[in-house]
Amino acid sequence: MKKIIPGFLISLLTVSCDKGKTAERFLPEPDHHVQENIQKNKNTVRERFPAPDGYGWIKSQPGSFSYFIEHFTLKPYGSPILKYDGTQIATQHLHEAVFDIDTGTKDLQQCADAIIRLRAEYLFKTGKSDEIRFHFTSGDLLSWTAYRSGIRAFVNGNSVSFRKTAAYDDSYGNFRNYLDLIFNYAGTLSLNRETEPVIKTQDLKAGDILITPGSPGHVVFIAGVSSNSKGERLFLLGEGFTPAQSIHILSNPFASEISPWYSLRTDDPETKTAGYIFKPSNFRKF
């Protein structure tokens, strides 16, 4: 469970997929349609999921966050979604792939944390570590630059303070410690505030998010974009969920002929995904 802080900070610091409450999971019936175009022997998002007939993948700029996600390594096809304790979640029919990245050993890396993890990993691995900074739900900011220099967070009643109590450590292990702290105190509310709205469907790209901020709230992220000759677009969606579990690509039980691709529009009053209904449709970007 996420750490619970007494008093006022319960609501400010522990609001994510279930920090205090559990997001209502939308569970469509299993869809037994065989996805013939999925390249089950391929091991990246872009390679495993060719665009549907009449569509083609939109190229992303090498070195971008979009490129990082589209070329992320996946576990072998058919891999189950595992919880942080290594056991399988009960619902295994709503995903088509599992990202090859750890979940940690605590119930921390939930929905907002999944995209925070991918964003932070991208910045860490591409030499942009100075850009790694995330807010707690309380509004307090803690950067990786500060944390690696030894700055730590201290909660006292209704306030958060920061003091240098550790030696400089820029190792990957310490980076994971930093992320666990962020997962503990960040959530959909803080993620919504530190991202910007995407107004036009044509502007959506891999790495952008669809989010309902609140308690409970939820978020999914775009993992790929394809387009046809008319300019119409389809999207792959990924997510983490509660309890902390494998980051995964969602299937599309509402349109099996294009699954796992989704037709999305930024101006839709609601967006239904395999697992959650977003109302309103709130698309945002880093």
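Sequence order sets the numbering: in each chain, residues are counted from 1 along the sequence as written. In keeping with the predicted nature of the model, local features appear solely for residues at pLDDT of at least 70, side-chain atom pairs appear and are counted solely at 80 or more, and the whole-chain, interface and lining totals rest on all residues. Each side-chain value is worked out from all heavy atoms of the structure, with water and hydrogens disregarded.

(A) Representation of the overall build of the chain within the structure. Scanning the chain for helices and strands turns up seven helices and 14 strands. Note on classification: 1.4 Å probe, protein chains only; a residue is buried when its accessible area is under 20% of the maximum for its type, exposed when over 50%, partly exposed between these limits. Out of the 286 residues belonging to the chain, those deemed buried represent 52%. The contact rule is simple, with two residues in contact once any of their heavy atoms fall within 4.5 Å. Sequence separation of at least 24 residues holds for 64% of the intrachain contacts in the chain that already meet a minimum separation of 6. The method behind every accessible area is Shrake-Rupley, applied with a 1.4 Å probe, and residues are considered shielded solely by the protein chains displayed. Carbon and sulfur atoms provide 50% of the accessible area of the chain, an area that totals close to 12600 Å². The helix and strand labels rest on DSSP assignments: H or I over at least four residues marks a helix, E over at least two residues marks a strand, and numbering proceeds from the N terminus.

(B) Examining the packing of helix H4 (residues 111-125) against helix H6 (residues 172-185) more closely. Orientation is described by axes fitted as lines to C-alpha atoms, over the contacting stretch for helices, and by angles from 0 to 180 degrees between their N-to-C directions. Relative to each other, H4 and H6 sit at 150°, their axes nearing to 11 Å. Between H4 and H6, the angle is such that the two are roughly antiparallel. Viewed along their axes, H4 and H6 form a crossing whose handedness is right-handed. Counted together, Asp-113, Ile-116, Arg-117, Ala-120, Glu-121 and Phe-124 of H4 and Tyr-172, Phe-175, Arg-176, Leu-179, Ile-182 and Phe-183 of H6 form the full contact between these two elements. Roughly parallel here means an angle under 35 degrees, roughly antiparallel means over 145, roughly perpendicular means 65 to 115, and every remaining angle is called oblique. For any helix crossing, the convention is left-handed if the near helix is rotated counterclockwise from the far helix by under a right angle, and right-handed if that rotation is clockwise.

(C) Representation of unusual backbone geometry within the structure. The step from Ser-215 to Pro-216 runs through a cis peptide bond, and the omega angle for that step is 5°. Positionally, Pro-216 belongs in the loop between strand E8 (209-212) and strand E9 (218-227). In this structure, Pro-243 follows Thr-242 across a cis peptide bond, with omega equal to -5°.

(D) Region of the structure containing the environment of Ile-89. With respect to the helices and strands, Ile-89 occurs in the loop between helix H3 (65-70) and strand E2 (95-98). Residues Ile-89 and Thr-242, 153 residues apart in the sequence, show an inter-C-alpha distance of 9.6 Å.

(E) Here's a closer look at the pattern of salt bridges. By salt bridge we mean one thing: a side-chain nitrogen of Lys or Arg within 4 Å of a carboxyl oxygen of Asp or Glu. Applying the stated criterion across every chain, the model contains nine salt bridges. Residue Glu-121 is joined to Lys-125 by a salt bridge in which the shortest nitrogen-to-oxygen separation is 3.4 Å. With Glu-121 and Lys-125 both in helix H4, this residue pair falls four residues apart, about one helical turn. On the basis of relative accessibility, which here comes to 0%, the residue Glu-121 falls in the buried class.

(F) Structural detail: the nonpolar core. Counting residues in hydrophobic clusters, the biggest one holds 52 residues, and the most contacted among them are Phe-49, Phe-99, Leu-118, Tyr-178 and Phe-221. Every element with two or more residues in this core is listed here: H3, H4, helix H5 (144-148), H6, E8, E9 and strand E10 (233-239). For this core, the leading source of residues is H4, giving nine residues. With residues near it in sequence (within four places) discarded, Leu-118 still touches Phe-65, Phe-68, Phe-72, Phe-99, Ile-101, Phe-221 and Ile-247. The set of buried Ala, Val, Leu, Ile, Met, Phe, Trp, Tyr and Cys residues whose side-chain atoms join them within 4.5 Å is what this entry labels a nonpolar core. Counting residues in each nonpolar core, the second largest holds 16 residues, with Val-225, Leu-237, Leu-250 and Tyr-262 among its members.

(G) Molecular detail of the side chain of Ser-259. Here Ser-259 is to be found in the loop between strand E11 (248-250) and strand E12 (271-273). On the basis of relative accessible area, Ser-259 is assigned to the buried category, the value being 4%. Here a polar contact is taken to be a pair of N or O atoms separated by no more than 3.5 Å, where protein atoms must pair a possible hydrogen donor with a possible acceptor and residues adjacent in sequence count only if both atoms sit in side chains. A distance of 2.8 Å separates the side chain of Ser-259 from the backbone nitrogen of Asn-252, its partner in a polar contact.

(H) How the structure looks around the environment of Arg-117. Of note, Arg-117 is situated in helix H4. Residue Arg-117 is classed as buried on the basis of its relative accessible area, which comes to 0%. If near-sequence neighbours (up to four positions away) are discounted, Arg-117 is found in contact with Ile-101, Asp-102, Gln-109, Tyr-172, Arg-176, Leu-179 and Phe-183. In this structure the side chain of Arg-117 is engaged in a polar contact, spanning 2.8 Å, whose partner is the side chain of Gln-109. Of the polar contacts made by the side chain of Arg-117, one reaches the side chain of Tyr-172; its length is 3.3 Å.

(I) Just the confidence of the model for the chain, in detail. Here the chain averages 91 in pLDDT, and 88% of its residues register 70 or above. The low-confidence segment residues 1-16 (pLDDT under 50) makes 58 contacts with residues lying over four places distant or belonging to another chain. Confidence scores per residue from the predictor, reported as pLDDT, run from 0 to 100.

(J) Region of the structure containing the environment of Leu-179. Here Leu-179 is to be found in helix H6. Using a relative accessible area of 0% as the deciding quantity, one classes Leu-179 as buried. When the C-alpha positions of Leu-179 and Leu-108 are compared, they lie 9.5 Å apart, and in sequence the two are 71 residues distant.

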